[in-house]
Amino acid sequence: MTADVSALVELKGVSKRFVKSLDLAAKIGNRFGAGMKEEVVHAVDNVNLVVAPGEVVGLVGESGCGKSTLGRMTVGLLPLSSGERFWQGESLAGQDAGTARRQQLKMQMIFQDPYASLNPRMRVLDIVGEAPVAHGIIRGTQQVEYVGLMLNRVGLDPTLMRRYPHQFSGGQRARIGIARALAVKPQFLVCDESVAALDVSIQAQVLNLFMELKGALNLTYLFISHDLGVVKYISDRVVVMYLGRVVESAPSAELFAQPNHPYTQALLAEAGKVTPAKRTFVPIKGEIPSPLDPPSGCHFHPRCPHAMTKCREAVPPLIEIAPGQMSACFLNTP
Amino acid sequence: MIDSDEALTEPVLEVDGLRTHFFTKAGVVKAVDDVSFTVGRGEVLGLVGESGSGKSMTGYSLMGLIDPPGRIVDGSIILDGIALRTLTPEQQRHMRGNRIAMIFQDPMMTLNPVLRIDVQMIEAVLAHKHVTREVARARAREALVKVGIASPDERLQAYPHQFSGGMRQRVAIAIALLNRPDLIIADEPTTALDVTIQGQILYEIQKLTRETGTALIWITHDLSVVAGLADRVCVMYAGRIVEQGSCEEVLAHPAHPYTQGLLDSVPANNERGQRLKQIPGMTPSLLDLPPGCPFRERCSYADAECEVSPEMRPAGGPGQSVRCFHPLVPVHS
Amino acid sequence: MTPASTVVRAVQTPFQRVVGDFMANPVAVFGLCLLLLVVLAAIFAPVISPQNPYDLAQLDVMDSRLPPGSPAPNGGHYWLGTDDQGRDMLSAIFYGLRISLAVGVISTVCALVIGLTLGLTAAYFGGRFETLVMRVVDIQLSFPAILIALILIAVLGQGTGKVITALITVQWAYYARTVRGAALVEKRREYMEAARCLALSPARIVFRHLLPNCLPPMIVVATVQVAAAIALEATLSFLGLGLPITEPSLGLLIANGYQYLLSGKYWISFFPGIALLLTIVSINLVADQMRDVLNPRLQK
């Protein structure tokens, strides 16, 4: 496959299938006509994603939509079932160990849980300093100074570096996680619900930190979140996912002003604003379907107020409805 | 909207001077420190705060669910004329689940994973009312219908693990409603749920409280939920209530600098591309709070006066009060 | 950019907390003191023994089978009596403790290293390697320990090294299984993902990140297993299949006195038995408290 050279990160036709294959007992059962099938979850289904240098792409969706899986595939933590990843136009498949390692350092992840994402038995000095020393970015003798620099950059007091994670608050741990990622000098960061576990006031501090770092270090972000308020504030472009597929993608202002896909519209209606007006909640009916047994055709049709027969039978393609704006809905193709 | 200035609704709950302290090895943690509020019949009160503010502990104190090393050291809790703290443990048990019920953030704190739903719900009814099993089952079925669960007869036969998160929370709400309590305390029940499911649950709750006239205390850190749902709101910080008032007033004209700071930090209230207005610093450790106003270290209006703990005094709109020496709205003399 | 507030929770390293919690239980402290006594007695055996029981020049067979408290030739007393060779029981017990503890600890440590390595790598890499290792563990654990030890001794022959080998072979499977269980849980934690994201080598991830977090249950198992190893070695020696007569452990001492038990000369078996009992009980008391202290769910 060829890819867009101007993009920093590109995913083409990327899918992830989790297969629970039949064990021996089930295979024997099938011999006798039990008819047991393999269970396949299409966590991510044929997704294309392009992130331009210096951009913040927001990835939103509810549980089961595959955004976390997609994030991990982008950064290299999960192997792809199909499709390809590209970095500055070059394919990342089939690289030798050394190149792959150097490539890995350019893309880092900021995790969700500030409590579980730091090794509880390592001091902050080692949590942040281990990788740069191991990869030769700095010498062992420079570790203390370098870690101090990193901690300063994320707004933490460097004299605390010999402490353990449990001695810090949630917001401070989130900062340590960011320092750890920055220590290997990445160009691209995937933030997987990185502010979800934080209080509103700490969240504001960390979001401000993200924006400062972006400017100072020329970073590019893929910001995964279920919180539309945060995504609207921080993203240049927004991608909406539902049950493993991209349903809409548009520049942030356009998406929030004029959402095209019915799911996006429903999501935005629920987003909630902190305006002092008592309102009646209008629910969107139905439960989120299980990824094990997704609806046929358009995944959203059982809950869609505008569903037509066509929607049950075929998968709507992701087409461009306006410059830079893509949507996957048959309402756009009468 | 219920106007608390005119005593149209007599209060179903009156809390006065509640203090819950935890006596740990490291020192005394004043989780709830002099909390007072009232809830009228059929009213929805929002209890808003971040982690460590004491909001959940207040809810647990009202239910009598505080375990050692914590205990309620002071204050009175009066539910419909009954002083809860004077009751024996047996009498308190009679109140719980019957006159006052609680919904937790994790529905699995309510639901027993090894029992079927009908068994659990019937048990909840029979624990407090002397009715036959058939009547209890009918009430359980009716409660499931009320919370919007389709095919209730099938669902009654199922186990909790066969439900999704949103469904489980609905069942927990149904259990809370079974014995028609006077007051329900909801501790962040929708925080762990998806936004669209959260919308559904909030819709059901809103409908139910209007229908049954049950009072509701909604504990949350999410201002947008409170904005849509609550009649009145109390903002908590470091174990104290720092501001109270009608939801509209508090959110439109916050009196306390912390409330203002919270509202400002919400990304939705900020411009894209501009730095988010943030409250500097962190919530203080409740272990050794310095004397005076707990928000002093982070407040841009603080001065020497704030070294003394402020009391609640009326300020701003009707029914609004604030615990601050430099409130952002005029104080009533 | 102003630094975030430097307010930090109580300054206590994990080690200090463990020690603090451990000391809070008087029974555990008692167990620890007893264990320390046992260990010190073993280490300083040559210094504190009234007599070197293996120096034939010091022995007089005329002093054999004397009851406790009998006077000794050089002016002291045989506080715990003498055995059938004329050896002072007290001294024999001190030297016996030394050997029992040494064999127990050495075999446990070696089994721990082998079991940890195999269990951790099996959990981390999974696949066929894991299946193979775990099936071997399953097979081994379904045989009684004593049976495996006896078969090995029969095959390898007797001797201290052979006994230690047998003990290691019997024990490593427990460690492998326990650590694999802990490792499977820890493997899915986000800090492990972070380590992979930082492109650290698998060896570094397993030994620097995974291992330290799987240690708490291992410490408990290892402590209990030292006691089990000592008991197993005592059993083997009692049966005459363990250590040679030149290095008598407590088990062998008990065996020596077995024939005299019912004829009134109880002290030859009895006191080594008590010493063995005290050793094992003190180890178990310490292990019990360690388990509670290291279990994060029991912390307040």
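Keep in mind that what you see is a predicted model, and the values were worked out from it rather than measured.

J.: An account of the overall build of chain A is needed here, citing residue identities and associated values.
T.: Within chain A one finds 11 helices and 12 strands. If one aligns the C-alpha atoms of chain A with their principal axes, the spans along those axes are about 65 × 60 × 40 Å. Residue burial in chain A is summarised as follows: out of 334 residues, 54% are buried. Contacts in chain A between residues at least 24 apart in sequence constitute 65% of all its contacts with a sequence separation of at least 6. Carbon and sulfur atoms form 54% of the exposed surface of chain A, whose accessible area is close to 14,000 Å².

J.: Now, about unusual backbone geometry: what can you tell me, with residues and values included?
T.: Across residues other than glycine, the phi torsion is negative in most instances, and most of the peptide bonds are trans. Going from Pro68 of chain B to Pro69 of chain B, the amide bond is cis rather than trans, its omega being 10°. Look at Glu193 of chain A: it is not a glycine, yet its phi comes out positive at around 50°. Within the secondary structure, Glu193 of chain A is located in the loop between β7 (188-192) and α7 (200-217). By relative accessible area, Glu193 of chain A is classed as buried at 9%. The phi angle at Ala199 of chain C is positive, at roughly 60°, despite the residue not being glycine. Structurally, the position occupied by Ala199 of chain C is in the loop between α8 (190-197) and α9 (202-238). Judged by relative accessible area, Ala199 of chain C falls into the buried class, the value being 14%.

J.: A description of the state of the cysteines should follow, citing residues and the corresponding values.
T.: Inspection of every chain in the model, using the stated rule, returns 0 disulfides over all chains. In this structure Cys304 of chain A is not part of a disulfide, and its nearest cysteine sulfur, from Cys329 of chain A, lies 6.1 Å away. Since its relative accessible area comes to 13%, Cys304 of chain A is described here as buried. Free cysteine Cys299 of chain B: the closest other cysteine sulfur is in Cys324 of chain B, separated by 6.1 Å. We classify Cys299 of chain B as buried; its relative accessible area is 16%.

J.: Which residues make up the pattern of salt bridges, and what values go with them?
T.: Pairs can form between side chains of opposite charge once their charged atoms are near each other. In total, this model carries 30 salt bridges over all chains according to the counting rule given. In this structure, Asp153 of chain B and Arg141 of chain B form a salt bridge, with 2.8 Å as the shortest nitrogen-oxygen distance. Taken together, the residues Asp153 of chain B in helix α5 (residues 152-156) and Arg141 of chain B in helix α4 (residues 133-146) connect sequence positions 12 residues apart. With its nearest N and O atoms 3.0 Å apart, the salt bridge here joins Asp138 of chain C to Arg135 of chain C. Of this pair, Asp138 of chain C and Arg135 of chain C both sit in helix α5 (residues 127-141), 3 residues apart, which is roughly one turn of that helix. You can call Arg135 of chain C partly exposed: its relative accessible area is 43%. Three or more residues are tied together by salt bridges with common partners; here these are Asp126 and Glu130 of chain A together with Arg204 and Arg208 of chain C.

J.: Tell me about the sheet that holds strand β9 (residues 237-242) of chain A, and please be specific about residues and values.
T.: Two modes of strand pairing occur in sheets, parallel and antiparallel, and in both the strands are linked by backbone hydrogen bonds. All names here are of chain A. Sheet architecture is open: 8 strands sit in the order β6-β7-β8-β3-β9-β10-β12-β11, paired in mixed fashion. Both edges of this open sheet fall to β6 (107-110) and β11 (319-322), since each of them pairs with a single strand only. Mean inter-strand twist for the sheet, computed between neighbouring axes without regard to direction, equals 25°. With 4 bridges joining them, β6 and β7 adopt parallel strand pairing. From the neighbouring strand, Met109 faces β7, where its bridge partner is Val190. Here helix α6 (residues 170-182) sits on the sheet in contact with β6 and β7, set at roughly 175° to β6.

J.: How would you summarise the sheet that holds strand β2 (residues 27-40) of chain B if you had to cite specific residues and measurements?
T.: All names here are of chain B. Strand order across the open sheet formed by 4 strands is β2-β1-β4-β5, with antiparallel pairing between neighbours. Every interior strand has two partners, whereas the edge strands, β2 and β5 (82-83), have only one. The sheet contacts of helix α1 (residues 55-63) involve β1 (11-24), β2 and β4 (70-79), and relative to β2 the element is tilted by about 70°.

J.: Please set out the packing of helix α6 (residues 165-177) of chain B against helix α7 (residues 195-212) of chain B residue by residue, giving values where relevant.
T.: Residues and elements named next belong to chain B. Taken N-terminus to C-terminus, the directions of α6 and α7 make an angle of 15°; their axes are 10 Å apart at the nearest point. With respect to α7, the axis of α6 lies roughly parallel. Two packed elements cross with a definite hand, and for α6 against α7 that hand is right-handed. In this structure, α6 uses Gly166, Gln169, Arg170, Ile173 and Leu177 to contact α7, whose residues at the interface are Ile197, Gln200, Ile201, Glu204, Ile205 and Leu208.

J.: Please provide a residue-by-residue account of the nonpolar core, values included.
T.: In this structure, Leu13, Phe37, Met121, Ile185 and Ile217 of chain B are the most contacted members of the largest nonpolar core, which totals 96 residues. Ranked by the residues each element gives to this core, the list is headed by α6 of chain B, at 8 residues. In this view, Met121 of chain B contacts Ala140, Ala143, Leu144, Leu156, Ala174, Ile175 and Leu178 of chain B; residues no more than four positions away in its chain are not counted. Grouped together as the second largest cluster of nonpolar side chains are 46 residues, Ile148, Ile153, Met218 and Leu236 of chain C included.

J.: Describe in detail the environment of Ser290 of chain A, supporting the description with residues and values.
T.: Structurally, Ser290 of chain A is set in the loop between α10 (262-270) and α11 (309-313). C-alpha separation for the pair Ser290 of chain A and Gly64 of chain A, spaced 226 residues apart in sequence, amounts to 7.7 Å.

J.: With reference to specific residues and values, describe the interface of chain B and chain A.
T.: The interface is formed by 46 residues belonging to chain B together with 43 residues belonging to chain A. Taking both sides of the interface into account, the surface hidden between chain B and chain A amounts to around 3,600 Å²; carbon and sulfur atoms contribute 56%. Together, Val195, Thr196 and Arg272 of chain B form the three largest contributors to the area buried by chain B at its contact with chain A, with a combined 17%. Here chain B is connected to chain A by 2 salt bridges. Ionic pairing is found between Arg272 of chain B and Asp236 of chain A, a salt bridge with its closest N-O pair at 3.2 Å. If you look at where chain B meets chain A, you find 13 residue pairs in polar contact (both at pLDDT 80 or more). The set of elements that each furnish at least two residues to the side of chain B that touches chain A consists of α6, α7, α8 (223-229), α9 (247-252) and α10 (257-265) of chain B.

J.: Kindly report on the environment of Leu132 of chain C, identifying the contributing residues and their values.
T.: Mapped onto the fold, Leu132 of chain C is located in helix α5. Once the C-alpha coordinates of Leu132 of chain C and Ala122 of chain C are considered, the two residues, 10 residues apart in sequence, prove to be 8.7 Å apart.

J.: Can you break down helix α3 (residues 117-126) of chain B residue by residue, with the values?
T.: Every buried residue of α3 of chain B is listed here: Ile117, Asp118, Gln120, Met121, Ile122 and Val125 of chain B. Residues of α3 of chain B that are buried in the fold lie against α4, α5 and α6 of chain B.

J.: Explain the environment of Glu145 of chain A to me, using residue names and the numbers behind them.
T.: Residue placement: Glu145 of chain A occurs in helix α5 (residues 143-153). Spatially, the C-alpha atoms of Glu145 of chain A and Tyr164 of chain A are 18 Å apart, while their sequence positions differ by 19 residues.

J.: Give me the confidence of the model for chain C: which residues, what numbers.
T.: All names here are of chain C. Chain-level pLDDT for chain C is 83 on average; 93% of the residues reach the 70-or-more range. Every residue in residues 1-9 scores below 50 in pLDDT, and together they form 20 contacts with partners more than four places removed in sequence or on other chains. The ipTM for the predicted assembly is 0.87, set against a pTM of 0.82.

J.: Pulling in residues and values, what's your account of the packing of α6 of chain A against α7 of chain A?
T.: How two helices sit against one another is set out by the angle between their axes and by the gap between those axes. Residues and elements named next belong to chain A. The geometry of α6 relative to α7 is characterised by a closest axis approach of 10 Å and an angle of 15° between their N-to-C directions. When the axis of α6 is compared with that of α7, the two are roughly parallel. When you trace α6 past α7, the crossing you get is right-handed. Here Gly171, Arg175, Ile178 and Leu182 of α6 lie close against α7, whose contacting residues are Ile202, Gln205, Val206, Leu209, Phe210, Leu213 and Leu217. Across the contact of α6 with α7, the residue classes tally to 8 nonpolar, 2 polar and 1 charged.

Conventions and cut-offs
- Residues numbered from 1 in each chain as written.
- Chains lettered and ligands numbered in written order.
- Predicted model: local features only at pLDDT ≥ 70, side-chain atom pairs only at ≥ 80, totals over all residues.
- Heavy atoms only, no water.
- Helix = DSSP H or I, 4+ residues; strand = E, 2+ residues; numbered from the N terminus.
- Buried < 20%, exposed > 50% of the residue type's maximum accessible area, 1.4 Å probe, protein only.
- Contact = heavy atoms within 4.5 Å.
- Areas by Shrake-Rupley, 256 points an atom, 1.4 Å probe, with all protein chains shown as cover.
- Disulfide = S-S within 2.5 Å.
- Salt bridge = Lys/Arg side-chain N within 4 Å of Asp/Glu carboxyl O.
- Pairing = 2+ DSSP bridges.
- Axes fitted to C-alpha atoms, helices over the stretch in contact; angles between N-to-C directions.
- Parallel < 35°, antiparallel > 145°, perpendicular 65-115°, else oblique.
- Left-handed = near helix turned anticlockwise from the far one by under 90°.
- Core = buried A, V, L, I, M, F, W, Y, C linked by side-chain atoms within 4.5 Å.
- Buried area = accessible area lost by both parts, 1.4 Å probe.
- Polar contact = N/O pair within 3.5 Å; in protein donor to acceptor, adjacent residues only side chain to side chain.
- pLDDT = per-residue confidence, 0-100.
- Nonpolar A, V, L, I, M, F, W, Y, C, P; charged D, E, K, R; others polar.

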